[in-house]
Amino acid sequence: MLCITPSRLLPWRSLFFLLLVISRLLSSSHGDVGTAAQYSPPYLPTTCYGNDPSQFPSNNLFAAAGDGIWDNGASCGREYLVRCISASVAGSCKPGQTIQVKIVDYALSTPTPPSARGTTIVLSETAFGSIANSSATSINIEFQQV
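Calculation notes
Residues numbered from 1 in each chain as written. Predicted model: local features only at pLDDT ≥ 70, side-chain atom pairs only at ≥ 80, totals over all residues. Heavy atoms only, no water. Helix = DSSP H or I, 4+ residues; strand = E, 2+ residues; numbered from the N terminus. Buried < 20%, exposed > 50% of the residue type's maximum accessible area, 1.4 Å probe, protein only. Contact = heavy atoms within 4.5 Å. Areas by Shrake-Rupley, 256 points an atom, 1.4 Å probe, with all protein chains shown as cover. Disulfide = S-S within 2.5 Å. Pairing = 2+ DSSP bridges. Axes fitted to C-alpha atoms, helices over the stretch in contact; angles between N-to-C directions. Core = buried A, V, L, I, M, F, W, Y, C linked by side-chain atoms within 4.5 Å. Salt bridge = Lys/Arg side-chain N within 4 Å of Asp/Glu carboxyl O.

**Student:** When you look at the overall build of the protein chain in this model, what are you seeing that I'm missing?
**Tutor:** A tally of helices and strands in the protein chain yields four helices and six strands. Across the protein chain, helices and strands are ordered from the amino to the carboxyl terminus as α-β-α-β-α-β-β-β-α-β. A buried classification covers 35% of the 146 residues belonging to the protein chain. Across the protein chain, every contact between residues at least 6 apart in sequence was considered, and the portion connecting residues at least 24 apart equals 78%. Looking at the protein chain as shown, the accessible area adds up to about 8,700 Å², and 56% of this sits on carbon and sulfur atoms.

**Student:** Got a minute to help me understand the state of the cysteines in this structure?
**Tutor:** Think of a disulfide as a covalent bridge from one cysteine sulfur atom to another cysteine sulfur atom. Overall, the coordinates contain two disulfides when judged by the stated rule. Paired through a disulfide, C48 and C76 show a sulfur-sulfur distance of 1.9 Å. Note on the C48 and C76 pair: the S-S dihedral is about -75 degrees, so by sign convention the disulfide is left-handed. A residue pair is termed long-range when its members are at least 10 positions apart, and C48 in helix 2 (residues 46-49) and C76 in the loop between helix 3 (67-70) and strand 3 (79-87) qualify at 28 residues. Since its relative accessible area comes to 18%, C48 is described here as buried. Exposure remark for C76: the relative accessible area of 24% places this residue in the partly exposed category. Each disulfide pairs two cysteine sulfurs, and for C84 the partner residue is C93, the sulfurs being separated by 1.9 Å. On the S-S bond that ties C84 to C93, the torsion sits near -55 degrees, and the link is left-handed. Looking at C84, the relative accessible area reads 8%, which means it is buried.

**Student:** Mind showing me how you'd approach the sheet that holds strand 2 (residues 62-65) here?
**Tutor:** What holds strands together in a sheet is hydrogen bonding between their backbones, with the strands either parallel or antiparallel. If you trace the six strands once around the closed barrel, you get 1-5-2-4-3-6, paired in mixed fashion. Neighbour-to-neighbour, the strand axes of the sheet open up by a mean angle of 45 degrees, direction not taken into account. The pairing of strand 2 with strand 5 (residues 121-124) spans three bridges and is antiparallel. Bridge pairing in strand 5 links A64 to V122.

**Student:** Help me understand the nonpolar core, please; the structure alone is not making it clear to me.
**Tutor:** Soluble globular proteins: nonpolar side chains tend toward being buried together. Ranked by size, the top nonpolar core spans 25 residues in total, and within it V82, V101, I121, L123, I131 and I139 carry the most contacts. The element that contributes the greatest number of residues to this core is strand 4 (residues 98-106), accounting for four residues. Ignoring sequence-local partners within four residues, the contact set of V101 consists of L61, F62, A63, R78, E79, Y80, V82, I121, L123 and A127. Counting eight residues, the second largest nonpolar core, distinct from the first, contains Y39, F56, A64 and V122.

**Student:** Help me out: how do you make sense of the pattern of salt bridges in this one?
**Tutor:** Between side chains of opposite charge, a pair can form when the charged atoms approach closely. Counted under the stated rule, the structure contains two salt bridges. Here D71 ties to R78 by a salt bridge, and the two come within 2.9 Å at their closest N and O atoms. E142 serves as the salt-bridge partner of R83, at 2.8 Å between the closest nitrogen and oxygen. Pair noted here: R83 is in strand 3 and E142 is in strand 6 (residues 139-145), with a separation of 59 residues, a long-range link. Classification of E142 by relative accessible area gives buried; the value is 15%.

Keep in mind these values describe shape, not function.
Following this line, the structure appears as structure tokens:
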């Protein structure tokens, strides 16, 4: 009969704990978590580019920065990878969809109000509809600056 004493278990517990810590560090998620809403045309990026429509990406994947990422205007022109991770209405996220958006404005200065206030980022209709059901008011997102 094999008898294992507590002193013999200690190295295995330490190894298990070390592997657990390493697996957490190597997690596939490297982005931040926040919320997103959408806004509608007219799109006039007055805060970042002063009515210069050439600043909009041709694919219409752009956004206005909320207070959390605005950074006193330093976020103008930054690009983010964004994906929907959940929403209050089940099935609102489009699984496996990640988009890259360019910040062209400040969320509090958009000419049309966002579908929800106080979000991390406000996406154009095209951008929002690419990752979530367009009837959703707001979604939870994972985002990462690129």
